[in-house]
Amino acid sequence: MTKQQRGIILLIRSALTGLGQELPADFDLTSAFDTAKKHGITPLVYYGARKCGVDTAPETVQRAFTVVCQSIMADEKQRAELTKLLDAFDRHNIKYMPLKGVNLKPLYPTPEMRMMGDADILISPQQYSDLIKPLMLELGFDEGAESDHELIWNKPSLHVELHKRLIPSYNKDYYAYFGDGWNLAKIKDDATERYSMTNEDEFIYIFTHFAKHYRDSGIGLRHMTDLWVYGSAHRDMNREYIITELSKLQLDKFFDNIERTLKCWFGDGASDNITDFITETVFSSGKYGRAQTSFVSSALKESKSNLNACKIKRRRLLRSLFPSLEVMRGFYPVLEKVPLLLPILWPVHFFKRLFTKNKLKHYVNRMNSIDDGKISDYQRELNFVGLDFNFK
């Protein structure tokens, strides 16, 4: 762990605990706020700086304060819109279960410390066409793309992802454990159809989602903080049950490594090669991971089907030129009614996705950067921290 990384972690710890920390000598606060912006945790770092007695006069700190004010306003709008949405679900007897950030935000000292890009809610797909979709339109949401596991709806103040299942089905190993997720749901309120998981099952889900992102493209500081905040808020969780279930997901070794890393960050744990490697990976990822890592990760998944880098590139090129009907429906809703338009829309889609904003150049560069050596290197990196794509 570098001195700069240690300083940023101390700022986060100060914000979460309310206890000021002594920052390293020659700590670069400007660089710290640049990192915070990249990871979507500017309010955390700002509040931590205040607790540590950092001078708030410099322009860097004032710019961060502006972001904090914007986050407070965005949070107020998000929560008001979300309350309105969930109240409407309750009135219409819609079966649902809030997920991830919706449940994590209230656990932070102040809700704006946990910036939320979207509101994730598990729904019953059987209710979607007749109940949920008309209600979303009535509430003023605009329908977005549909993916393997999500139905997207947008408003200026709230981005909503309605989950058809907890984990995408193409994450075969984790999907095999969770299914659609309703087997873990417990009724939260007898007067409504709102559900929740037990604290232990919710933590297992949050951690599995964390692992999915780590191996797919990388994971950022906010997600590490989420794990620590959730664990701190629910100290009485049944640890034996959690370890047993994570072992079924083949995540017990990875959990041990992440737990030791969190103890280095927020406790008195000693660092080692693995915790330092995880820390470096997290800091270098940003809140959405790394595009190149995502590309190599995807190639590694495909290599599990005994494909070499050359065959993977060829398959990826064909998928880019001719996406499936399911993928294309998310971009062109007209295909729901007229699927025969698919061949006509392929060249339109190719142009929009690859020939605008240098996307073609970036895509070709990433394709060319993939080789069998890079795939093997990434396999070793995942195995080093206790991860793999355990696809059958």
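Above this text you will find the structure in question.
Overview of the structure. The written sequence of each chain sets the order in which its residues are numbered from 1. For this predicted model, a pLDDT threshold of at least 70 governs which residues receive local features, and a threshold of 80 or more governs which side-chain atom pairs are given and counted, while totals over whole chains, interfaces and linings are taken from all residues. Side-chain figures throughout are based on the complete set of non-hydrogen atoms in the structure, without hydrogens or water.

1. Details of a nonpolar patch on the surface
Phase 1: Within the patch definition used here, like charges are joined within 9 Å and nonpolar side chains (Val, Leu, Ile, Met, Phe, Trp, Tyr) within 5 Å, considering only residues with over 30% relative accessible area and no salt bridge. Areas reported here follow the Shrake-Rupley algorithm with a probe of radius 1.4 Å; residue values treat only the protein chains shown as occluding. The term salt bridge refers to a side-chain nitrogen of Lys or Arg lying within 4 Å of a carboxyl oxygen of Asp or Glu. A surface patch of nonpolar side chains, amounting to about 280 Å² of accessible area, comprises Val334, Val338 and Leu340.
Phase 2: The helix and strand labels rest on DSSP assignments: H or I over at least four residues marks a helix, E over at least two residues marks a strand, and numbering proceeds from the N terminus. Summarising the element assignment, leucine 340 is placed in the loop between helix H16 (334-337) and helix H17 (342-354).
Phase 3: Working definition: with a 1.4 Å probe on protein chains only, accessible area under 20% of the residue-type maximum means buried, over 50% means exposed, and in between means partly exposed. On the basis of relative accessible area, leucine 340 is assigned to the exposed category, the value being 76%.

2. Considerations on the pattern of salt bridges
Phase 1: Going through the model one piece at a time under the given rule, you end up with 16 salt bridges.
Phase 2: When the shortest N-O distance is used, the salt bridge between glutamate 76 and arginine 79 registers 3.4 Å. Placement of both glutamate 76 and arginine 79 in helix H4 (residues 59-91) is noted, with a separation of three residues, approximately one turn of the helix.
Phase 3: Through salt bridges that share partners, Asp75, Glu76, Arg79 and Lys105 make up one connected network.

3. Comments concerning the pairing of strand E4 (residues 150-155)
Phase 1: Within E4, five of the six residues are buried, leaving the element largely enclosed by the surrounding structure.
Phase 2: Note on pairing: DSSP must find at least two bridges between two strands before they are called paired. Bridge count for strand E3 (residues 142-146) against E4 is three bridges, and the pairing is antiparallel. Looking at the pairing, glutamate 146 lines up with leucine 151 of E4.
Phase 3: Strand direction decides the pairing type here: E4 and strand E5 (residues 158-163), joined by six bridges, are antiparallel. Bridge pairing in E5 places glutamate 150 opposite histidine 163.
Phase 4: Counting the residues in the hairpin turn of E4 and E5 gives two residues.

4. Re helix H6 (residues 128-138)
Phase 1: Taken as a whole, H6 has its buried residues at Tyr128, Ile132, Leu135 and Met136. Take H6 and look down its axis: the buried residues cluster within an arc of 110 degrees, on one side only. Exposed residues on H6 whose side chains face more than 90 degrees from its buried face are Ser129, Asp130 and Glu138.
Phase 2: In the stretch just after H6, glycine 140 is the one whose phi turns positive, near 90 degrees. Each C-beta atom gives one direction from the helix axis, and the arc is the one those directions make.

5. Re the sheet that holds E5
Phase 1: Strand order in this open sheet of five strands is E1-E2-E5-E4-E3, and the pairing throughout is mixed. If you trace the sheet from one side to the other, it starts and ends with strand E1 (96-99) and E3, each paired once. Neighbour-to-neighbour, the strand axes of the sheet open up by a mean angle of 25 degrees, direction not taken into account.
Phase 2: Whether two residues are in contact is decided by their heavy atoms, any of which lying within 4.5 Å being enough. Angles shown run from 0 to 180 degrees and are taken between the N-to-C directions of axes, each axis being a line fitted to C-alpha atoms and, for helices, limited to the stretch in contact. Across the sheet, H4 touches E1, strand E2 (119-123), E4 and E5, and the angle it forms with E2 is around 10 degrees.

6. Section: the side chain of glutamate 150
Phase 1: Among the structural elements, glutamate 150 can be located in strand E4.
Phase 2: Of the side chains bearing the opposite charge, lysine 100 lies closest to the buried glutamate 150, which forms no salt bridge; the N-O distance is 5.0 Å.
Phase 3: In the analysis that follows, any N or O atom pair within 3.5 Å is treated as a polar contact, provided that within protein one partner can donate a hydrogen and the other can accept it, and provided that, for residues neighboring in sequence, both atoms belong to side chains. Engagement of the side chain of glutamate 150 in a polar contact is seen with the side chain of histidine 149, the distance being 3.3 Å.
Phase 4: Beyond its immediate chain neighbours, meaning those up to four positions away, glutamate 150 contacts Asp120, Ala145, Glu161, Leu162, His163 and Lys164. Note on charges: Lys and Arg go in the positive column, Asp and Glu in the negative column, and His and the chain ends are not counted at all.

7. Here we look at the packing of aromatic side chains
Phase 1: Any pair of Phe, Tyr and Trp rings, taking the six-membered ring for Trp, is counted once the centres come within 6.5 Å. Such a pair is stacked with planes under 30 degrees apart, edge-to-face with planes over 60 apart, and tilted for the rest. If you walk through the whole model with that rule in mind, you get 18 aromatic pairs.
Phase 2: Judged by centre distance (5.8 Å) and plane angle (75 degrees), the ring pair of phenylalanine 178 and tyrosine 205 falls under edge-to-face. With phenylalanine 178 in helix H7 (residues 172-178) and tyrosine 205 in helix H8 (residues 199-216), the pair connects residues that are 27 residues apart, well separated along the chain. Each member of the pair, phenylalanine 178 as well as tyrosine 205, carries the same accessibility label: buried.
Phase 3: Taken together, a centroid distance of 5.2 Å and an interplanar angle of 90 degrees make the contact between phenylalanine 207 and phenylalanine 255 edge-to-face. Highlighted residues: phenylalanine 207 in helix H8 and phenylalanine 255 in helix H11 (residues 252-266), separated in sequence by 48 residues.

8. Points about the side chain of histidine 149
Phase 1: As for its position among the elements, histidine 149 is in the loop between E3 and E4.
Phase 2: When neighbours within four sequence positions are excluded, histidine 149 is seen to be in contact with Leu162, His163, Lys164, Arg165, Ile167, Pro168 and Tyr170.

9. Thoughts on the pairing of E2
Phase 1: For E2, the buried fraction is high: five of the five residues fall into the buried class.
Phase 2: Of the two faces of E2, both are covered, the one formed by Ala119, Ile121 and Ile123 as well as the one formed by Asp120 and Leu122.
Phase 3: Alignment of E1 against E2, held across four bridges, turns out to be antiparallel. What sits directly across from leucine 99, in E2, is aspartate 120.

10. Points about the packing of helix H2 (residues 29-39) against helix H3 (residues 42-51)
Phase 1: Between H2 and H3, the shortest axis-to-axis distance is 8 Å and the interhelical angle comes to 150 degrees. Contacts between H2 and H3 involve Phe33, Ala36 and Lys37 from the former and Thr42, Val45, Tyr46 and Ala49 from the latter.
Phase 2: Charged means Asp, Glu, Lys or Arg here, nonpolar means Ala, Val, Leu, Ile, Met, Phe, Trp, Tyr, Cys or Pro, and polar covers whatever is left, Gly included. Along the lines of polarity and charge, the residues of the contact of H2 with H3 split into five nonpolar, one polar and one charged.

Limitation: the analysis is restricted to geometry and does not speak to function.
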